[in-house]
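Analysis of the macromolecular model
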Amino acid sequence: MLFPHWIAIAGPQALQRLLSVSEAFCGEHRHGTQYRTALITGATSGIGAAFGEALPPETMLLLTGRRSERLAASAARLTAQGRTIHTLAADLSSASGRIAVVEWARGFAVDLLICNAGLGTSGRFVETFSAAHKETIEVNIVAPLELLDGLLPSMVASARKLGRRCGVIIVSSTAAFGARPGMACYAASKAFLLRLGQALAAELRDQPVDLLVLCPTYTYTEFFARAGLPIPRDAMTPDAVAREGLAALGRRTVHLCGRGYQPLDQFFAFNPSLAVWRWPRRLRMSNRLAAPQGDFPRKTDHRKRRLAPPRL
Ligand SMILES: NC(=O)c1ccc[n+]([C@@H]2O[C@H](COP(=O)([O-])OP(=O)(O)OC[C@H]3O[C@@H](n4cnc5c(N)ncnc54)[C@H](OP(=O)(O)O)[C@@H]3O)[C@@H](O)[C@H]2O)c1
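Treat the numbers as computed from the prediction; the structure is a model and nothing was measured.

Before going further, it helps to examine the overall build of the protein chain. When helices and strands are counted, the protein chain shows 12 helices and seven strands. Classification of the 312 residues of the protein chain by burial places 39% in the buried group. Nonlocal contacts in the protein chain, meaning residues at least 24 apart in sequence, comprise 70% of its contacts between residues at least 6 apart.

Take a look at the structure:
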């Protein structure tokens, strides 16, 4: 009896998503949250740079990437707009680079973490150098894992203490929703981020944190030149992707970029395994984040229905 369950869950939410398309473009956060300090990885170009531009001027920006001259140029431009910027050049494909970014970010009270840095390699798996696969895994998977591991507990604890909410955006891709011959490792890495983000959001649902897995479709950035691919026609601009991401944060857990995609968010992003394995409450969260304490803004639990176990 899985089919009626899908209709019951996906139907109303898809309709709701259709109705909220315009809302997603208005740029306001669901809780009116104004983040104080945002860490953006991969901020030297494309979507990461666009996040820096799209965040309000009051938000202090911590920008990182490998190209220090780009970081300096961004810092100069954004500082001229009256913003506070800090930069760190680091290579996320190396353990030392990842440690450096986590340690550096710990010196600030980060309340918005944007795990955006990423790369893809095109070509048949067996004909691609294994170093390229490894780099993809290190940057696309290991770096977000270590950043979340190193920063998220303190972000949540501090949000609880201050009676605020914090946010996390994990930049995945529409490539996460299927196997991609020719970009096997890249698509698999983005699928990892999608499922990681969904599970984390479910685990942290009672905490003052908004978690979004952002799945851009084709976007005009340097990604394609680096991957050795032509830019597809009708690609989105990085600015539009960043604005959509910020608008969706706090509203939903998975957001597919582009108007045409939005009714499909729930359909593609629905995780049957989470619905089926909804743990009994007493078994859930026996860890340090188990019992939410303090007076922080709670979110309307729009995911309750989606995660409810099927009626058998
Ligand atoms: N463009 C698309 O069509 C598209 C679609 C879906 C998802 N995405 C995702 O969007 C994210 C941003 O990509 P983009 O499209 O904006 O491409 P981009 O312009 O090439 O930006 C990639 C960013 O990641 C950084 N980066 C790459 N390797 C790094 C490393 N080893 N260490 C530290 N930083 C590194 C780059 O900075 P440095 O080179 O300065 O290090 C750059 O700032 C990626 O996760 C990508 O998978 C892109």
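Having put the structure on the table, let's press on.
So, about the environment of A157. Summarising the element assignment, A157 is placed in helix α6 (residues 130-162). Considering only alpha carbons, one finds A157 and V209, 52 residues apart in sequence, at a separation of 9.9 Å.

With 20 residues, helix α7 (residues 184-203) should cover 28 Å at 1.5 Å per step; its first-to-last C-alpha distance of 29 Å lies within 8% of that length. Among the residues making up α7, those that are buried are C185, Y186, A187, S189, K190, L193, L194, G197, Q198, A201 and A202.

For the rest of this paragraph, the subject is the site of the ligand. Not every one of the 29 residues close to the ligand is listed here, only the nearest: G42, G46, R66, G118 and T221. At the level of elements, α3 (46-54) and α8 (223-227) are the ones that each hand at least two residues to the shell around the ligand. Sorting elements by how many residues they give to the shell around the ligand places α3 first, with three residues. Its residues assigned to classes, the shell around the ligand shows 11 nonpolar, 12 polar and six charged.

Let's shift gears to the confidence of the model for the protein chain. In the predicted model, the protein chain carries a mean pLDDT of 83, and 73% of its residues have values of at least 70. Here residues 15-28 is modelled with pLDDT under 50, and outside its nearest four sequence neighbours on either side it reaches 16 contacts, counting other chains as well. This stretch, residues 279-290, has a pLDDT under 50; its non-local contacts, to residues over four places away or in other chains, come to six contacts.

Analysis parameters
Residues numbered from 1 in each chain as written. Predicted model: local features only at pLDDT ≥ 70, side-chain atom pairs only at ≥ 80, totals over all residues. Helix = DSSP H or I, 4+ residues; strand = E, 2+ residues; numbered from the N terminus. Buried ≥ 20, exposed ≤ 12 C-beta atoms within 10 Å, placed from the backbone. Contact = placed C-beta atoms within 7 Å. Expected span 1.5 Å × (residues − 1). Near = placed C-beta within 6 Å. Nonpolar A, V, L, I, M, F, W, Y, C, P; charged D, E, K, R; others polar. pLDDT = per-residue confidence, 0-100.

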